[in-house]
Amino acid sequence: MKPEIAIIRIKNLRLRTFIGIKDDEIQNKQDILINAEIHYCANKARNSDNMEDALNYRTITKKIIELVEHNRFNLLENLTSQVLNIASDHSWVDFANVEIDKPHALRFADSVSLSLCYSKNNKI
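Residues numbered from 1 in each chain as written. Predicted model: local features only at pLDDT ≥ 70, side-chain atom pairs only at ≥ 80, totals over all residues. Heavy atoms only, no water.

> Where do I start with the UniProt feature "domain: Dihydroneopterin aldolase/epimerase" (unreviewed entry) in the protein chain in this structure?
According to UniProt, the positions carrying the feature "domain: Dihydroneopterin aldolase/epimerase" (unreviewed entry) are residues 8-118. With 32% helix and 41% strand, the stretch residues 8-118 has end C-alpha atoms that lie 14 Å from each other. (UniProt positions renumbered as here; feature names shortened; annotations may be inferred. Helix = DSSP H or I, 4+ residues; strand = E, 2+ residues; numbered from the N terminus.)

> What exactly am I supposed to notice about the sheet that holds strand E4 (residues 93-103) here?
Strand pairing in a sheet relies on backbone hydrogen bonds, with the paired strands running either antiparallel or parallel. On the basis of which strands lie adjacent, the open sheet formed by 5 strands has the order E3-E1-E2-E4-E5 and mixed pairing. In this open sheet, the two edge strands, each paired with only one partner strand, are strand E3 (72-73) and strand E5 (111-119). In terms of strand pairing, E4 meets E5 through 9 bridges, oriented antiparallel. When the bridges of E5 are listed, Glu99 appears paired with Ser115. Those strands touched by helix H3 (residues 57-69) are strand E1 (5-19), strand E2 (30-41) and E3, and its axis lies near 20° from that of E1. (Pairing = 2+ DSSP bridges. Contact = heavy atoms within 4.5 Å. Axes fitted to C-alpha atoms, helices over the stretch in contact; angles between N-to-C directions.)

> Can you walk me through unusual backbone geometry in this structure?
Residues other than glycine predominantly adopt negative phi, and peptide bonds predominantly adopt the trans conformation. Phi angles above zero are rare outside glycine, and Asn12 is one such case at about 55°. Residue Asn12 is classed as partly exposed on the basis of its relative accessible area, which comes to 38%. Non-glycine residue Asp49 carries a positive phi angle of around 65°. Along the chain, the position of Asp49 falls in the loop between helix H2 (43-48) and H3. A residue is classified by how much of its surface remains accessible, and Asp49, at 77% relative accessible area, is exposed. (Buried < 20%, exposed > 50% of the residue type's maximum accessible area, 1.4 Å probe, protein only.)

> What's the story with the packing of aromatic side chains in this structure? I'm lost.
Two aromatic rings are characterised by how far apart their centres lie and by the angle between their planes. Counted under the stated rule, the structure contains 1 aromatic pair. Measuring from centroid to centroid gives 6.2 Å for Tyr40 and Trp92, while their planes differ by 15°, and the two rings are stacked. In this pair, Tyr40 is assigned in strand E2 and Trp92 in the loop between helix H4 (76-87) and E4, connecting sequence segments 52 residues apart. The exposure class of Tyr40 is buried, given its relative accessible area of 5%. The aromatic ring of Phe18 is capped on one face by Arg72, whose charged end is 3.8 Å from the ring centroid. (Phe/Tyr/Trp six-rings, centres within 6.5 Å; stacked < 30°, edge-to-face > 60°. Lys NZ or Arg CZ within 6 Å of the ring centre and 35° of its normal.)

> Quick question: what am I supposed to make of the packing of H3 against H4 here?
When two helices pack together, their arrangement is given by the angle between the helix axes and by the axis-to-axis distance. Interaxial distance between H3 and H4 falls to 9 Å at its minimum, and their mutual angle equals 155°. Considering their axes alone, H3 and H4 lie roughly antiparallel with respect to each other. Handedness of the H3/H4 crossing: right-handed. Of H4, the residues touching H3 (which contributes Ile60, Lys63, Ile64, Leu67 and Val68) are Leu79, Gln82, Val83, Ile86 and Ala87. For the contact of H3 with H4, the residue count by class is 8 nonpolar, 1 polar and 1 charged. (Parallel < 35°, antiparallel > 145°, perpendicular 65-115°, else oblique. Left-handed = near helix turned anticlockwise from the far one by under 90°. Nonpolar A, V, L, I, M, F, W, Y, C, P; charged D, E, K, R; others polar.)

Written out as structure tokens, the structure is:
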């Protein structure tokens, strides 16, 4: 049987954190929007229906929430990197992509976002 790649998508996870370097950003939490895509081989899970054979997206999401809500970040790059580390931490993960939006960061734009990718094979 061919390996089946499962794609978990965590869409529009809305959180608040301290992000930025301006005085008002240091003193006030801001909204951020997280989207993550995680690829892994799902052969075991699709053939067993056992939670132990699947990547638990709830566990991943709880770790992301814990990181974001209990820390401060100067740079969007650093925050995105740390979230990507959580998304790609499990040995089953072959690929992960994280994009974080910072709404209202620029006066005439809906948001500013940053995206980072992980690939187990480093072919990106």
